[in-house]
Amino acid sequence: LGPKTDDAEILETFLKQFYSISSDIPGEILTDGETTDRTAIEVWLSQRCGRSVKCRTPVRGEGRRLVEFAAENATTALKRAFESRTAPASVIELGRELGMSRPPRLISGVDISNVSGAQAVGTVVTFRDGRPERGSYRKYRIRSVKGSDDYGMIREVVGRHLRGLLRENQEVPELLLIDGGKGQLSAAYEAVRSTGIRGLTLVALAKKEEELFVRGRSTPLPIPEESMAKRLLVRVRNEVHRFSINYHRSLRARAARHSALDDVPGIGPARKEALLRKFGSVEAVAAGSTEEIAEVPGIGRETAERV
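What comes next is a walk through the structure. Just so it is clear, the model here is predicted, and its values are computed rather than measured.

Within this structure, the stated rule accounts for 19 salt bridges. Put simply, Glu 28 and Arg 56 hold a salt bridge, and the shortest N to O gap is 2.8 Å. Of the two residues, Glu 28 sits in strand β1 (residues 28-30) while Arg 56 sits in strand β2 (residues 54-56), which places them 28 residues apart along the sequence. A residue is classified by how much of its surface remains accessible, and Glu 28, at 42% relative accessible area, is partly exposed. The salt bridge partner of Asp 32 is Arg 64, with a shortest N-O separation of 2.9 Å. Of the two residues, Asp 32 sits in the loop between β1 and α2 (38-49) while Arg 64 sits in helix α3 (residues 61-83), which places them 32 residues apart along the sequence. Put simply, Asp 32, Arg 64 and Glu 68 are held in one network by salt bridges that share partners.

Below, the structure written as structure tokens:
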């Protein structure tokens, strides 16, 4: 086809090429435009499959909606295919620095957050082609570990996350970044090994000296601080740390509100809301006098004394 070929000829050529190799020919084909000779195409298709085939270009109704939907899907697929042809330079450089066989286009970062083991949580963030993919972020409340056992928490979160991906038939990251040092890296490796996943590159980035530890290497991997690869790793580490801290803070705040008001006999959701609306915070309620609390609608003297 040349640059001056019109749409009708392009469509006809496509139909001939596509259905010359396809054995699945439907009884009706909807197109977004007319071919140069629709009758000839219908005869050719009917002869190929041994039954009548009709080509139609709908202008309204359900048929038109189907054509528009197919066009949108094709546009999206073409855009994704074009964007996925080449990985970003930072991802290519990172793969080269880590000695990977291909650039790590899907990177996940893991972090743990807790205060002396209390309200312990783990989070996972995912970057695709060097950009956050927030729909793939995950939060985990620690279930199996008691006390301040960071290694045990890493094992739990990494194992739960990867098994969840396998169970849901989701993509497994090519690179897993742990927020921590050699100990956290070893704990993560144990979890990965327990899932049976192979070919996953594991690294850990320590906060204090920004040292990069790679599974199977005894000393930190020297990557230039200003390199695109190092900046990408720091960005993933910082993002998962931010996500983890925010999740942990939200749980602590929720726990504080619960312990201060929800455990008081006679204080249900409506009375709790009235108190917080009046005083503004749990701390302010605690600082209020019995008389001030009793003035809140629905509370009364007896409940105020219990508060």
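Now that the structure has been shown, the text picks up again.
For helix α8 (residues 269-279), the set of buried residues is Ala 274, Leu 275 and Phe 279. Projected down its long axis, α8 carries its buried residues within an arc of 110°, all on one side. Summarising the geometry of α8, the exposed residues directed more than 90 degrees from the buried face are Pro 269, Ala 270 and Arg 277. Gly 280 sits one or two residues past α8 and shows a positive phi near 95°.

A few words on the packing of aromatic side chains. Aromatic ring pairs: the centre-centre distance and the angle between the two ring planes describe each pair. As enumerated under the stated definition, the model contains three aromatic pairs in all. Here the aromatic rings of Phe 18 and Tyr 19 are separated by 4.9 Å at their centres, their planes lie at 90°, and the arrangement is edge-to-face. What makes Phe 18 partly exposed here is its relative accessible area of 39%. Since its relative accessible area comes to 9%, Tyr 19 is described here as buried. Following the ring pairs from residue to residue traces out a cluster consisting of Phe 14, Phe 18 and Tyr 19. The ring of Tyr 189 carries Arg 215 above its face, with NZ or CZ at 3.6 Å from the centroid.

Taken as a whole, this structure holds one cavity of 30 Å³ or more when the rule is applied. In terms of lining, the largest cavity is formed by Thr 31, Gly 33, Glu 34, Thr 35, Arg 38, Cys 55, Arg 56 and Thr 57. Across the lining of the largest cavity, the residue classes break down as one nonpolar, four polar and three charged.

Grouped together as the largest cluster of nonpolar side chains are 26 residues, with contacts concentrated most on Val 110, Ile 154, Val 158, Leu 176, Ile 178 and Val 192. At the level of secondary structure, the elements contributing two or more residues to this core comprise β3 (106-115), β4 (118-128), α5 (150-167), β7 (175-179), α6 (182-195) and β8 (201-205). No other element matches the six residues that α5 contributes to this core. Residues contacting Leu 176, with those up to four places away along its chain left out, are Ser 108, Val 110, Val 158, Val 192, Leu 200, Thr 201, Leu 202 and Val 203. Judged by nonpolar contacts, the second largest core, of 24 residues, contains Met 100, Leu 175, Ile 223 and Val 240.

Looking now at the environment of Tyr 189. Residue position: Tyr 189 is located in helix α6. Relative accessible area serves as the criterion here: at 26%, Tyr 189 is assigned to the partly exposed category. Along the sequence, Tyr 189 and Arg 252 sit 63 residues apart, while their C-alpha atoms lie 30 Å from each other. Residues within four places of Tyr 189 in sequence aside, it is in contact with Leu 202 and Arg 215.

Here we come to unusual backbone geometry. Of note, Asp 129 is a non-glycine position whose phi angle comes to about 55°, a positive value. Turning to its location among the elements, Asp 129 is positioned in the loop between β4 and β5 (131-132). Positive phi values are uncommon outside glycine, yet Asn 169 reaches one of about 60°. For Asn 169, the position within the fold is in the loop between α5 and β7.

What follows covers the packing of helix α1 (residues 7-21) against α2. At a minimum axis separation of 11 Å, α1 and α2 run at an interaxial angle of 0°. The pairing of α1 with α2 is recorded here as roughly parallel in orientation. Contacts between α1 and α2 pair Glu 12, Leu 15, Lys 16, Tyr 19 and Ser 20 from the former with Ile 41, Trp 44, Leu 45 and Arg 48 from the latter. A class-by-class count of the residues in the contact of α1 with α2 yields five nonpolar, one polar and three charged.

About the criteria used
- Counting restarts for each chain: residues are numbered from 1 in the order of the written sequence.
- Local features in this predicted model are restricted to residues whose pLDDT is 70 or higher, and side-chain atom pairs enter the listing and the counts only when it is 80 or higher, whereas totals over whole chains, interfaces and linings include all residues.
- Side-chain measures here rest on the full set of heavy atoms in the structure, leaving out hydrogens and waters.
- We define a salt bridge as a contact between a side-chain nitrogen of Lys or Arg and a carboxyl oxygen of Asp or Glu at a distance within 4 Å.
- Counting from the N terminus, the helices are the DSSP runs of H or I reaching at least four residues and the strands are the DSSP runs of E reaching at least two.
- Between buried and exposed lies partly exposed: a residue is buried under 20% and exposed over 50% of the maximum accessible area for its type, with that area taken using a 1.4 Å probe on protein chains only.
- This arc describes the spread of directions from the helix axis toward the C-beta atoms.
- Planes of paired rings set the category: under 30 degrees apart is stacked, over 60 is edge-to-face and the rest tilted, where pairs are Phe, Tyr or Trp rings (Trp by its six-membered ring) whose centres lie within 6.5 Å.
- Only when the NZ atom of a Lys or the CZ atom of an Arg is both within 6 Å of the ring centre and within 35 degrees of the ring normal do we say a charge sits over the ring.
- Put simply, the grid is 1 Å and covers the protein atoms alone, a cavity is a trapped set of points that fit a 1.4 Å probe, a pocket is an open set with protein on both sides within 12 Å along at least five of seven lines, and lining residues have an atom within 4 Å of a point.
- Grid points are joined across faces, edges and corners, and a volume is the space filled by probe spheres set on the points.
- Charged means Asp, Glu, Lys or Arg here, nonpolar means Ala, Val, Leu, Ile, Met, Phe, Trp, Tyr, Cys or Pro, and polar covers whatever is left, Gly included.
- For our purposes a nonpolar core is just a set of buried Ala, Val, Leu, Ile, Met, Phe, Trp, Tyr and Cys residues, chained together by side-chain atoms within 4.5 Å.
- Any two residues whose heavy atoms approach within 4.5 Å are treated as being in contact.
- Axes, fitted as lines to C-alpha atoms, cover a helix only where it is in contact. Angles between the N-to-C directions of the axes lie from 0 to 180 degrees.
- Here the word oblique covers every angle except those under 35 degrees (roughly parallel), over 145 (roughly antiparallel) and from 65 to 115 (roughly perpendicular).

Function cannot be read off these values alone, since they describe shape.
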